[in-house]
Amino acid sequence: MIERLHPVNKDKKAGQLAFYHPDPDALHYVMWSSGCDSTLLLYELLKKYGPDKVVAISCRFPWLNKKKASHEVVFRQRFIDMLKRNNTGLDTFTHYTIDVTWQYRPKNSKNGGYYSSGLLQAYSWLSIAFPLLKPNSWFYIGTIRGDDLVTLYLQQFQTMFEACAKMLNKEVHLCMPYVGYTKAKVLTKLIEYGIYDYTWFCEKPESPTSGPCSRCHPCETHMDALAAIATDPSLSHEVQFKAVTELGGLLLTRSQKIKAEKAQQEKEEESLQQVAKQIEEDVSVVGDTIYLKSNIELQNQPNEPENQDSPE
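Below is a summary of the structure that appears in this document. Per chain, residue numbering runs from 1 following the sequence as it is written. Totals for whole chains, interfaces and linings use all residues, but because this is a predicted model, local features are given only for residues with pLDDT of at least 70 and pairs of side-chain atoms are given and counted only at 80 or more. The side-chain figures draw on all heavy atoms in the structure; neither hydrogens nor water molecules are used.

1. Some remarks on the overall build of the protein chain
- Working definition: helices are DSSP H or I runs of at least four residues, strands are E runs of at least two. Numbering for both runs from the N terminus. When helices and strands are counted, the protein chain shows nine helices and eight strands.
- Across the 312 residues of the protein chain, 39% fall into the buried class.
- Taking all contacts inside the protein chain whose residues are at least 6 apart in sequence as the whole, residues at least 24 apart take part in 73%.
- All accessibility values rest on the Shrake-Rupley procedure with a 1.4 Å probe; residue burial counts only the protein chains present in the view. As presented, the protein chain carries roughly 18,900 Å² of accessible surface, and 51% of it is formed by carbon and sulfur atoms. Relative accessible area decides the class of each residue, using a 1.4 Å probe on protein chains only: under 20% of the type maximum gives buried, over 50% gives exposed, and in between gives partly exposed. Note on contacts: a residue pair qualifies if any of its non-hydrogen atoms lie within 4.5 Å across the two residues.

2. A closer look at the side chain of Ser 34
- Looking at the secondary structure, you find Ser 34 in the loop between strand 2 (28-31) and helix 1 (36-49).
- Ignoring sequence-local partners within four residues, the contact set of Ser 34 consists of Thr 39, Glu 72, Phe 75, Arg 76, Tyr 198, Thr 199 and Trp 200.

3. Points about the packing of helix 6 (residues 183-193) against helix 7 (residues 217-230)
- Think of each axis as a best-fit line through the C-alpha atoms, taken over the contacting stretch in the case of a helix, with angles from 0 to 180 degrees between the N-to-C directions. Direction vectors running N to C along helix 6 and helix 7 enclose 70 degrees, while the axes themselves pass 8 Å from each other. It follows that helix 6 is roughly perpendicular to helix 7 by the angle criterion. The element helix 6 and its partner helix 7 pack so that their crossing is right-handed. Side by side, helix 6 and helix 7 meet where Lys 183, Ala 184, Leu 187 and Thr 188 of the first sit next to Thr 221, His 222, Ala 225, Leu 226, Ala 228 and Ile 229 of the second.
- Put simply, Ala, Val, Leu, Ile, Met, Phe, Trp, Tyr, Cys and Pro go in the nonpolar bin, Asp, Glu, Lys and Arg in the charged bin, and everything else, Gly too, in the polar bin. Taken together, the residues of the contact of helix 6 with helix 7 sort by class into six nonpolar, three polar and one charged. Every angle not falling under 35 degrees, over 145, or within 65 to 115 is termed oblique; those three ranges are roughly parallel, roughly antiparallel and roughly perpendicular. The sense of a crossing depends on the near helix, which, turned anticlockwise from the far helix by less than a right angle, makes the crossing left-handed and, turned clockwise, makes it right-handed.

4. Observations concerning the packing of aromatic side chains
- Any pair of Phe, Tyr and Trp rings, taking the six-membered ring for Trp, is counted once the centres come within 6.5 Å. Such a pair is stacked with planes under 30 degrees apart, edge-to-face with planes over 60 apart, and tilted for the rest. Per the stated rule, a full pass over the model turns up nine aromatic pairs.
- Their ring planes at 70 degrees and their centres at 5.9 Å tell us that Trp 32 and Phe 93 sit as a pair that is edge-to-face. Of this pair, Trp 32 sits in the loop between strand 2 and helix 1 while Phe 93 sits in the loop between helix 2 (66-85) and strand 4 (94-99), and the two are 61 residues apart along the sequence.
- Aromatic pair Trp 200 and Phe 201: ring centres 6.3 Å apart, planes at 25 degrees, arrangement stacked. No difference in accessibility class separates Trp 200 from Phe 201, as the two residues are buried.
- The rings of Trp 32, Tyr 43, Phe 79, Phe 93 and Tyr 193 are connected pair by pair, giving a single aromatic cluster.

5. A few points about the side chain of Lys 189
- In this structure, Lys 189 sits in helix 6.
- With relative accessibility at 13%, the residue Lys 189 sits in the buried group.
- When near neighbours in sequence (up to four residues on either side) are disregarded, Lys 189 contacts Leu 40, Glu 44 and Tyr 181.

6. A few points about the packing of helix 1 against helix 6
- Where helix 1 meets helix 6, the closest approach of the two axes is 10 Å, and the angle between their N-to-C directions is 50 degrees. The orientation of helix 1 with respect to helix 6, classified from their angle, is oblique. The two elements helix 1 and helix 6 cross, and the hand of that crossing is left-handed. Contacts from Cys 36, Asp 37, Leu 40, Tyr 43, Glu 44 and Lys 47 in helix 1 reach Lys 183, Val 186, Leu 187, Lys 189, Leu 190 and Tyr 193 in helix 6.
- Looking at the contact of helix 1 with helix 6 residue by residue, the classes come out as seven nonpolar, no polar and five charged.

7. Let's talk about the state of the cysteines
- The term disulfide is used for any two cysteine sulfur atoms that are within 2.5 Å. Evaluated as defined, the whole model comprises zero disulfides.
- In this structure Cys 219 is a free cysteine whose sulfur lies 3.5 Å from that of Cys 216, the closest cysteine sulfur available.
- Of the residues examined, Cys 219 reaches a relative accessible area of 0% and is grouped as buried.

Below, the structure written as C-alpha cells:
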C-alpha cells in the first residue's frame, strides 16, 4: 500500500516526517547505505520514532565499486559510534547488513563489465527487504529530486512494490519523504543536525582509506550543493561556514589531482620527446633505404672469434 510520497498534513510542511498512521507499534524500515540521503532519513526516523521502532537495512552489492563499499561500511559504523558516544540513546536500533553475491554474472555487452545501474540496485532492495518487513510496517527510501528513480521510473517502482506486497500478502506501506528535496536541502539538514561528517558520497575513491575523489558525478553534485548552501543568505553563518570549509577541501583535492596529472603528462611528453630525438639521431635515410647508425657501428666492429670447444 502506498500512502504518500511526501507525508503531508495541514500542520506540516511537505517533506517532513509527519506521524500520519495510528498504529504506535508499527515498525519503520529504511534502506541505509551511509550516503547523505539515507543517513538523514535514518536519523530523522530515529529521532521521531525511537530506536526500538526503526530497522536499518544495508546491502553490499557485488556490482558496486569495492572501495566505495568499504567506505560505506566504515561510515555506517562511525555513525553508530557517534550516536553512542553522544549518549543520544538512538544507537540501539536494529541493523541488518545483507551480502549479495553472484550466482550468475550477466555481462554488459556495451562496456564488457557487470551491470552496475543504480536502478538495478533500487529494484533489488525490494527482494531483499520484503522478507524482513513485518505486517503493517513502513518501508522508507531516501531518494530525492533529480534521482533517476524519481524522474524516470517512480511509477514502475511503485507498481513493483505493490505487486510484492500482494504476492507476499503483507500490508506494508512505501514512503519516500524526500522526493521534493534538493541535495542542498539534504546537506543543510545534515549540517544542522551535526551529522554531516558521518556520511559518504563519493562513487570512485582511489583506495579504501582515501577521501572523496572530488571528480565523479556524485562528488560534483555534492560540491554544487555545498556551493548553493554557501551562497544562501537565508541560512545561518555556521551552516554556510561548514559548507565553505567542506567545499574548499574538495576543490583543493581536485586542484592537487589536476596538478599531479598535469605534471605526469608533462613527464610523459618529455620522455616521448627524448625517445623521438634519439630515434632522429639514430636514423639516416639514403634514397629509399633507412639506416640505423647503431647497426652500422655494430657492423663496422671487428668480428669476435667464435668460441670453439676445447678438444678432448
